[in-house]
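These are the residues of each chain, in order.
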Amino acid sequence: MDIVMVGSAGCMRELSWQILEDNSNQWNIVGYVDVTGENGEIEVAGYTIPYIGDDNYLLSLDKDVNVVISVGNPYLRKQIYRKYKINKHIKFPSIILKSANVCKDLIFGEGCIITMGAVISTNVSIGDFVFMN
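Below is a short write-up of the structure. Residue positions are given per chain, counting from 1 as you read along its sequence in written order. Restriction of local features to residues with pLDDT of at least 70 applies here, the model being predicted, together with a cutoff of 80 or more for giving and counting side-chain atom pairs; totals for whole chains, interfaces and linings are based on all residues. Only heavy atoms go into the side-chain values, all of them from the structure, while hydrogens and water stay out.

## Side note on helix H3 (residues 74-84)
The test is simple: With a 1.4 Å probe rolled over the protein chains alone, any residue whose accessible area is under 20% of its type maximum counts as buried; one over 50% counts as exposed, and the rest are partly exposed. Only DSSP runs of H or I with at least four residues qualify as helices, and only runs of E with at least two residues qualify as strands; both kinds are numbered from the N terminus onward. Here, the arc refers to the directions that run from the helix axis to the C-beta atoms. Contacts are assigned to residue pairs with any non-hydrogen atoms lying within 4.5 Å of each other. In protein, a polar contact requires one atom able to donate a hydrogen and another able to accept it; more generally it is a pair of N or O atoms within 3.5 Å, and residues adjacent in sequence count only if both atoms are side-chain atoms.
Looking only at H3, the buried set comprises Arg-77, Ile-80 and Tyr-84. Down the axis, H3 shows its buried residues gathered within 65 degrees of arc, on one side only. Contacts from the buried residues of H3 go to strand E1 (2-6), strand E2 (28-33), helix H2 (55-59), strand E5 (65-69), strand E6 (90-91) and strand E13 (131-132). Capping the start of H3, Asn-73 holds a side-chain oxygen 2.8 Å from the backbone nitrogen of Tyr-75, two or three residues further along.

## Here we look at helix H1 (residues 10-21)
Test applied: Here, expected helix span is obtained from the residue count minus one, scaled by 1.5 Å.
Helix length check: H1 (12 residues) gives 16 Å between terminal C-alpha atoms against 16 Å at 1.5 Å per residue, within 8%. Looking only at H1, the buried set comprises Cys-11, Met-12, Leu-15, Ser-16, Gln-18 and Ile-19. Taken end-on, H1 shows its buried residues confined to a sector of 165 degrees, consistent with a single buried face.

## A short note on the pairing of E2
Where a strand is regular, its side chains alternate between the two sheet faces. We apply this condition: Should DSSP find at least two bridges between two strands, the strands are taken to pair.
Sheet topology note: the E1/E2 ladder contains 5 bridges and is parallel. Paired with Asp-2 across the two strands is Asn-28, which belongs to E2. Pairing analysis gives 2 bridges linking E2 to strand E4 (residues 47-53), with the strands arranged parallel. By the bridge assignment for E4, Tyr-32 is matched with Tyr-51.

## Digging into the layout of surface pockets
The condition is simple: With a 1 Å grid spanning the protein atoms alone, the term cavity applies to any set of points in which a 1.4 Å probe fits but cannot get out, the term pocket to an open set with protein on both sides within 12 Å along at least five of seven lines, and the term lining residue to any residue with an atom within 4 Å of a point. Grid points are joined across faces, edges and corners, and a volume is the space filled by probe spheres set on the points. In this count, Pro and Cys sit with the nonpolar residues alongside Ala, Val, Leu, Ile, Met, Phe, Trp and Tyr, while Asp, Glu, Lys and Arg are called charged and the others, Gly among them, polar.
Of the volumes computed, that of the largest pocket is approximately 220 Å³. As for the largest pocket, its lining consists of 17 residues, of which Gly-7, Asp-34, Val-71, Leu-76 and Ile-80 are closest to the centre. Mapped onto the lining of the largest pocket, the elements with two or more residues apiece are H1 and H3. It is H3 that provides the largest number of residues to the lining of the largest pocket, a total of 4 residues. Considering only residue class, the lining of the largest pocket consists of 10 nonpolar, 4 polar and 3 charged.

## Overview of the pattern of salt bridges
Test applied: When a carboxyl oxygen of Asp or Glu lies within 4 Å of a side-chain nitrogen of Lys or Arg, that pair is called a salt bridge.
On inspection of all chains with the given rule, the structure shows 1 salt bridge. Two residues, Asp-55 and Lys-83, come together in a salt bridge whose shortest N-O distance is 2.6 Å. Of this pair, Asp-55 sits in helix H2 while Lys-83 sits in helix H3; the two residues are 28 residues apart in sequence, bridging distant segments of the chain. A residue is classified by how much of its surface remains accessible, and Asp-55, at 10% relative accessible area, is buried.

Set out below in structure tokens:
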């Protein structure tokens, strides 16, 4: 499935690399959006991720799009979600990389990110937009 990354700093770059290196081919990064207006491409471990716009790009979409809020600061992630949730076409899938060791009975909310090497045991429930690295 296609996804759009939000942010352009270290968290986005590391998560993009992990998604691109994860061989499950579940996610295809189509580009990134960022409020700084950095109009260019980002190189991540030999992969090119194009800049596709700022917040207005996502807020004006009239078709469904999967968005990953790849920002490390939890407060900022929450602010970004609050801004984007007004567009009902923006979906926030949870990303659980296959190299994460996650028990099958994990209950999680929307927009969670579980990265390479993370371990989550049995009988665990996590909320929305949790980032485990």
